[in-house]
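# Examination of the molecular architecture
What follows is each chain in one-letter form.
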Amino acid sequence: MINVGFIGCGAMGRDHVRRITDKCGNAQVVGVYDTVLGNAKQAIEDNRLDATIYDSADALIDDPNVDAVVIASRNDVHLDPLLHTIAIGKPTFTEKPMTINGSDSWKVVEAEVAKGRKTIQVGFNWRFDPGYDAMKTFVGDGQIGALLMAGMRHYNAQASTSYYGTDNVINDTLIHNFDMLHYMFDGDITSVEMKFARMNTLNPNGESLREPQLAIVEFSDGALATAEANVNCQYGYDIQCRLVGESGIISLPDVATPEVRKAGQISHAISSAWFDRFIEAYDREFDRFFANIEADRQPGGKEATAWDGYVANVVADAALDSAVNALYDEAAALADTNQYDLLAGELAEFNSRGNTIRNNDYNSRAQEFNDTLAGQPAKLIGALWGIEEAEYYR
């Protein structure tokens, strides 16, 4: 029996605790940690666990009674636990994204290389979805020849939280698509360009959430792909993918639901819950995680490794940079000479940081910029990252 320790017991973490408890006969949860004590207690109570609540992530990781670690905490606190588990060689499953940016994810890759063994599996669960799995096999067998193009759709009925912002569309939503494109095409992504559609008037988050968004992805061999993100589509959670090869097309099948014939119509229900859409994929990725541990086998192939997590972060970083420049172009078109100079200076400073939100003081600087230009029409930085009270145009 594999003893598992959980870091992060929010909604996602508790669902994974339930999954392991109810469905994984070769693993059991023996310890939990969350910065909110009530979450840790709820995870234990909901699943009737005989488990320890730890005072810190480090204490959980260091406990010799814990054989493997699952990290389901906030994205911005993944890095230190990952480096810790790598250092002591403890197998770890981390939810996506692996970290908040490419530079942090590179530290994870470097740590594994230095240790000489891969121990991290990243939770890109779409790889385990039966539909995507069949598509990967179909492509791998060469049944439609080399891939030329792809079109993906990632739609949510509503944004997951009231503070879900423009950057979350890329870092939390489209990052799934970036990983799947890298996985399906099995090639290097060389560029990504972001476009913003006209805003949905039903978007409750206002200007802090600029969407729908369209990502245009280019590969080193010239193949192209698009990924649409629409997190306020209203009608349900809808995942679509079409791959165009040299001799054919393959599409992701819709989830099978009962066909209803009534009142002169034929209909199929579309769930609004992403948990429901990928429930089998979640189950299968944990089955693989524990099977690898039992077989003393390193992750790779179907399961996403630290390298795959790094690649997804790098693509997301490029998408974030492109998004900033796209919003700048919109704002600059409405600015007078003085406002344009101010905006151009801020954009130059932004781009000089190397990668979008890498500095710890980024949000405070964005707030300062927002306050300074309170009377200006182009409040670019604050609006992009969802600073409270920010408006894109005033």
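As the structure is a prediction and not an experimental result, all values here were calculated from the model.

All right, on to unusual backbone geometry then. Omega for the peptide link from Lys96 to Pro97 comes to -15°, which places this bond in the cis form. Omega for the peptide link from Glu211 to Pro212 comes to 5°, which places this bond in the cis form. Along the chain, the position of Pro212 falls in the loop between β8 (189–196) and β9 (213–219). Residue Arg48 is not a glycine yet carries a positive backbone phi of 50°. Backbone geometry at Gln234 places phi at a positive 80°, although glycine is not the residue there. With respect to the secondary-structure elements, Gln234 resides in the loop between β10 (224–230) and β11 (238–245). Residue classification places Gln234 among the partly exposed positions, given a relative accessible area of 38%.

The next subject is the sheet that holds strand β5 (residues 92–95). The six strands lie next to each other as β3-β2-β1-β4-β5-β6, forming an open sheet whose pairing is parallel. The sheet terminates laterally at β3 (52–53) and β6 (120–123), the two strands that pair on one side only. Here four bridges tie β5 to β6, and the two strands are oriented parallel to one another. From the neighbouring strand, Thr94 faces β6, where its bridge partner is Val122. Of the strands in this sheet, β1 (2–7), β2 (27–33), β4 (68–71), β5 and β6 touch helix α9 (residues 279–294), which is tilted by about 155° from β5.

Another aspect to go through is the packing of helix α1 (residues 11–23) against α9. Angle between the axes and distance between the axes are the two parameters that describe a pair of packed helices. Here α1 crosses α9 at 65°, and the two axes come no closer than 11 Å. By the angle between their axes, α1 is roughly perpendicular relative to α9. Remark: the crossing between α1 and α9 carries right-handed chirality. On α9, the residues that touch Met12, His16, Arg19, Ile20 and Lys23 of α1 are Ile279, Tyr282, Asp283, Phe286 and Phe290. A breakdown of the residues in the contact of α1 with α9 according to their chemical character gives six nonpolar, one polar and three charged.

Attention now moves to the pairing of β4. Remark: a regular strand shows side chains that alternate across the two faces of the sheet. Of the two faces of β4, the one lined by Ala68 and Val70 and the one lined by Val69 and Ile71 are each fully buried. Where β1 and β4 come together, four bridges link them in parallel fashion. Bridging from a neighbouring strand, Val4 pairs with Ala68 of β4. In terms of strand pairing, β4 meets β5 through three bridges, oriented parallel. In the strand pairing of β5, Val70 is matched with Phe93. As a crossover connection, the stretch from β4 through helix α4 (residues 79–88) into β5 is right-handed.

Here the focus is helix α2 (residues 37–47). An α-helix turns once per 3.6 residues; consequently, residues spaced three or four apart project the same way. Buried within α2 are the following residues: Asn39, Ala40, Ala43, Ile44 and Asn47. Buried positions in α2, seen along its axis, are confined to an arc of 135° and lie on one side of it. In this structure, the buried side of α2 is in contact with α1, β2 and β3.

With that out of the way, let us pick up the side chain of Asp172. Along the chain, Asp172 turns up in helix α7 (residues 166–185). The side chain of Asp172 is buried and forms no salt bridge, while Lys96, the nearest opposite charge, is found at 4.6 Å. A polar atom in the side chain of Asp172 sits 2.8 Å from the side chain of Asn75. Leave out the neighbours within four places in its chain, and Asp172 touches Asn75, Lys96, Pro97 and Tyr164.

This part covers the pattern of salt bridges. The final tally for this structure, using the stated rule, is 16 salt bridges. Ionic pairing is found between Arg19 and Asp15, a salt bridge with its closest N-O pair at 2.9 Å. Taken together, the residues Arg19 and Asp15, both in helix α1 and four residues apart, mark about one turn of the helix. According to the relative accessible area criterion, Arg19 is buried, its value standing at 1%.

This part covers the sheet that holds β8. Here we have six strands laid out as an open sheet, ordered β8-β9-β10-β7-β11-β12, and mixed in their pairing. The open sheet has two free edges, formed respectively by β8 and β12 (249–251), since each of these has just one partner strand. On average, each strand axis in the sheet is inclined to that of its neighbour by 10°, with strand direction left out of account. Note that strand β7 (residues 147–155) and β11 share eight bridges and pair antiparallel. If you follow Ala150 over to β11, its bridge partner there is Leu243. Packing of helix α6 (residues 130–140) onto the sheet brings it into contact with β7, β11 and β12, and relative to β11 it is tilted by some 5°.

What follows concerns α6. Those residues of α6 that sit buried are Gly131, Tyr132, Asp133, Met135 and Val139. Turning to α6, the residues buried within the fold contact β7, α7, β11, β12 and α9. Two or three places before Gly131, at the opening of α6, Asp129 has a side-chain oxygen 3.1 Å from that residue's backbone nitrogen. Note on α6: the residue one or two positions beyond its end, Gly142, has a positive phi of about 75°.

Rules of the game
- Residues numbered from 1 in each chain as written.
- Predicted model: local features only at pLDDT ≥ 70, side-chain atom pairs only at ≥ 80, totals over all residues.
- Heavy atoms only, no water.
- Helix = DSSP H or I, 4+ residues; strand = E, 2+ residues; numbered from the N terminus.
- Buried < 20%, exposed > 50% of the residue type's maximum accessible area, 1.4 Å probe, protein only.
- Pairing = 2+ DSSP bridges.
- Contact = heavy atoms within 4.5 Å.
- Axes fitted to C-alpha atoms, helices over the stretch in contact; angles between N-to-C directions.
- Parallel < 35°, antiparallel > 145°, perpendicular 65-115°, else oblique.
- Left-handed = near helix turned anticlockwise from the far one by under 90°.
- Nonpolar A, V, L, I, M, F, W, Y, C, P; charged D, E, K, R; others polar.
- Right-handed = clockwise from strand over helix to strand, strands pointing away.
- Arc of directions from axis to C-beta.
- Lys, Arg positive; Asp, Glu negative; His and termini not counted.
- Salt bridge = Lys/Arg side-chain N within 4 Å of Asp/Glu carboxyl O.
- Polar contact = N/O pair within 3.5 Å; in protein donor to acceptor, adjacent residues only side chain to side chain.

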